[in-house]
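# Chains, contacts and geometry: an overview
Okay, here's what each chain looks like letter by letter:
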Amino acid sequence: MASTRILIVDDEEEFANTLAERMRNRNLEVDTVSNGEEALESIVGVSYDAVVLDLAMPGMDGIETLKQMLSIKPDLQVILLTGRGSVEKGVEAIKSGAFEFLEKPVKFENLLDKINMAKSKKDALSEEHTSDMIDEILRRKGW
Amino acid sequence: MNSDINKKLQEQFLYQGLGFCGAITASVTHELNNILGTIDQLSGLLEDLALTLTQGDVATGNQLTAISDRIFKQTARGMTLVKRLNTFAHFRDDVAAKFDIYDAVENLLALMKRLALLKKVELILTKPAEEIIVKTNPFSLLEIIFLAINRILPCTKKETVIEVVLSKQNSDAVITIKSMHDGTLTRLSDGGYLRLLISHISGNTKESFDDVYYNFELKVPIPER
C-alpha cells in the first residue's frame with residue numbers, strides 16, 4: 001500500500017523540519033517548503049494526500065495560497081495551522097475550501113488524526129471520480 | 001486649553017497608545033507561540049527517539065546532542081525576544097527619561113522585524129557616528145517611529161528595505177525613515193494623532209515622497225549637558 005504523502009508549508013523552517021521528521025518516523029512521506037509560491041510549484045507535479053499549511057507567512061499568506069492551490073487541484077485536502085487570535089481566519093479558510101484548521105501550538109497526535117481523515121476524504125473523492133469516468137464511458141459506448 | 005479638548009486628547013492618547021502596545025505585543029507573542037510550538041515538537045522528537053531505545057535500538061550521543069542543540073537555539077531565540085519586550089515595556093516607567101536613542105530604536109525595530117517580514121520588507125538601522133542622548137518621553141518617541149513605519153509599510157516595495165538613520169544636526173537628534181514605495185502611495189495621510197505626539201515631545205517633522213522614494217524626518221532636541 002502506498003504510504004501517505006504530505007506537504008508542509010511553513011516559513012518557520014525548524015518547525016516544519018521537525019514535524020516532517022516526526023512524520024517520517026511514522027512512515028509518512030513528507031516534503032517541506034517555506035512559502036506559498038513554492039507550495040504551488042510542488043502540488044503541480046505531486047499528488048499529495050494532505051497539505052499542512054501555515055496561515056501567517058511572508059508575502060502570499062495561507063488563505064491566498066489555499067485559494068490558489070484549490071484552483072489548481074480542487075480535491076486537495078488542506079489543513080491550515082493558525083496562531084491564537086486568528087480563529088476568524090480559520091473559519092474563513094474553511095469557507096474557502098480548507099479541510100480543517102488547527103490552532104498552534106498543534107498537538108502532533110491530533111494533526112496525525114486530521115491527516116488520516118483528510119487522506120480518507122481524498123481517497124473517497126478519487127473513487128468517486130473514477131466511478132464517474134466509468135459511467136461516462138459506459139454511457140458513450142451505449143453499453 | 002479647554003477641558004473638553006484636553007479630555008479628548010487624553011482619550012486619544014490612551015486609545016492610540018494601547019493600539020501601539022497591542023500591535024507590538026501581538027506580533028511578538030505570535031513569534032513566541034511559534035518558538036514554543038517548535039520546542040514542543042522537538043521535545044516530541046526526543047520522545048520518538050526514546051521510544052526506539054525501548055525497542056532495542058541505541059541512540060548515539062550525536063543524535064541526542066543534535067536535538068538538544070536545536071532546542072537550545074529555539075529557547076535562546078525566545079529568551080532574547082522576551083528580554084526585548086521587557087525593555088520595551090519599561091519605557092513606560094519614566095515620561096522624561098534621558099536615554100541613548102540608538103538603543104531604544106534598535107530594540108523597537110527588532111520587535112517590529114516580524115511585522116515587516118510579513119510584508120517582505122527588511123528594517124535596517126544605521127548606527128550614528130557618536131552616541132546621541134535625548135531627554136524626552138521615550139514611549140511617545142517610539143510610538144512616532146512605529147506609526148511612521150507602520151504607515152509606509154503596506155506601500156513599501158516588496159523585497160526592499162525601510163532604512164532608519166540616526167544623526168545629529170546642531171542641537172537636534174534626527175531620525176530619518178526612508179523607503180522605496182511601490183507606486184500605491186499617492187498622498188500623505190492627515191496624520192493628526194502623529195502630529196499630536198510630535199508636539200508632545202517638542203519635536204518637529206518633515207515628510208515627503210516622489211515617484212520612487214518616501215522620506216520621513218523627525219527632529220528631537222538634545223538637552224544641554
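Quick note: structure is the one above.
Residues numbered from 1 in each chain as written. Chains lettered and ligands numbered in written order. Predicted model: local features only at pLDDT ≥ 70, side-chain atom pairs only at ≥ 80, totals over all residues.

### Re the overall build of chain A
Counting its secondary structure elements, chain A contains 5 helices and 5 strands. When the helices and strands of chain A are read in sequence order from the N terminus, they spell out β-α-β-α-β-α-β-α-β-α. Expected size for 143 residues packed as a compact globule is a radius of gyration near 15 Å; at 16 Å, chain A falls within 12% of this value. Dimensions along the principal axes, computed over C-alpha positions, put chain A at roughly 55 × 30 × 25 Å. Relative to its 143 residues, chain A shows a buried fraction of 36%. (Helix = DSSP H or I, 4+ residues; strand = E, 2+ residues; numbered from the N terminus. Rg over C-alpha atoms; globule rule 2.2 N^0.38 Å. Buried ≥ 20, exposed ≤ 12 C-beta atoms within 10 Å, placed from the backbone.)

### Remarks on the interface of chain B and chain A
Between chain B and chain A, the residue contacts involve 19 residues of the former and 18 residues of the latter. Those elements that place two or more of their residues in the side of chain B that touches chain A are α1 (3–54), α2 (61–90) and α3 (101–118) of chain B. Here the side of chain B that touches chain A gets 13 residues from one element, more than from any other, and that element is α1(B). (Contact = placed C-beta atoms within 7 Å.)

### Notes on the sheet that holds strand β1 (residues 5–9) of chain A
Residues and elements named next belong to chain A. Reading across from one edge, β2-β1-β3-β4-β5 is the order of the 5 strands in this open sheet, with parallel pairing throughout. The open sheet terminates on both sides in strands that have one partner only, identified here as β2 (29–33) and β5 (100–103). Pairwise comparison of adjacent strand axes, ignoring direction, gives a mean angle of 20° for this sheet. The pairing of strand β4 (residues 78–82) with β5 spans 4 bridges and is parallel. When the sheet's bridge partners are listed, Leu81 is paired in β5 with Leu102. Running at roughly 160° to β1, helix α2 (residues 36–45) makes contact with β1 and β2 of the sheet. Its contacts with the sheet put helix α3 (residues 62–72) on β1, β3 (50–54) and β4, and the angle it makes with β3 is roughly 155°. (Pairing = 2+ DSSP bridges. Axes fitted to C-alpha atoms, helices over the stretch in contact; angles between N-to-C directions.)

### A closer look at the packing of α2(A) against α3(A)
In helix packing, the relevant descriptors are the interaxial angle and the interaxial distance, both defined with respect to the helix axes. All names here are of chain A. One can describe the packing of α2 onto α3 by two numbers: an axis separation of 10 Å at closest approach and a directional angle of 20°. Between α2 and α3, the angle is such that the two are roughly parallel. Seen along the crossing, α2 lies across α3 with a hand that is right-handed. Facing Gly36, Ala39, Leu40, Ile43 and Val44 of α2, the residues of α3 in contact are Glu64, Thr65, Gln68, Met69 and Ile72. Partitioned by chemical class, the residues of the contact of α2 with α3 number 6 nonpolar, 3 polar and 1 charged. (Parallel < 35°, antiparallel > 145°, perpendicular 65-115°, else oblique. Left-handed = near helix turned anticlockwise from the far one by under 90°. Nonpolar A, V, L, I, M, F, W, Y, C, P; charged D, E, K, R; others polar.)

### Describing unusual backbone geometry
Across the junction of Lys104(A) and Pro105(A), the peptide omega takes the value -5°, indicating a cis bond. Secondary-structure assignment places Pro105(A) in the loop between β5 and α5 (108–141). Positive phi values are uncommon outside glycine, yet Lys120(B) reaches one of about 60°. At Ser202(B), a residue that is not glycine, the phi angle is positive and equals roughly 55°. With respect to the element layout, Ser202(B) can be found in the loop between α5 (192–200) and β6 (204–209). The exposure class assigned to Ser202(B) is exposed, which follows from the 11 C-beta atoms found within 10 Å.

### As for the environment of Ala110(B)
Within the secondary structure, Ala110(B) is located in helix α3. For the pair formed by Ala110(B) and Ala89(B), sequence separation is 21 residues and the distance between their alpha carbons is 14 Å.

### A word on the nonpolar core
By size, the foremost hydrophobic cluster in this structure holds 40 residues, and its most contacted members are Leu108(B), Ile144(B) and Ile145(B). When residues in this core are grouped by element, the largest group, 10 residues, is from helix α4 (residues 138–152) of chain B. Once residues within four sequence positions are removed from consideration, Ile144(B) is found in contact with Leu194(B), Leu197(B), Ile198(B) and Leu218(B). Counting residues in each nonpolar core, the second largest holds 34 residues, with Ile43(A), Val78(A), Ala93(A) and Leu111(A) among its members. (Core = buried A, V, L, I, M, F, W, Y, C linked by C-beta atoms within 7 Å.)

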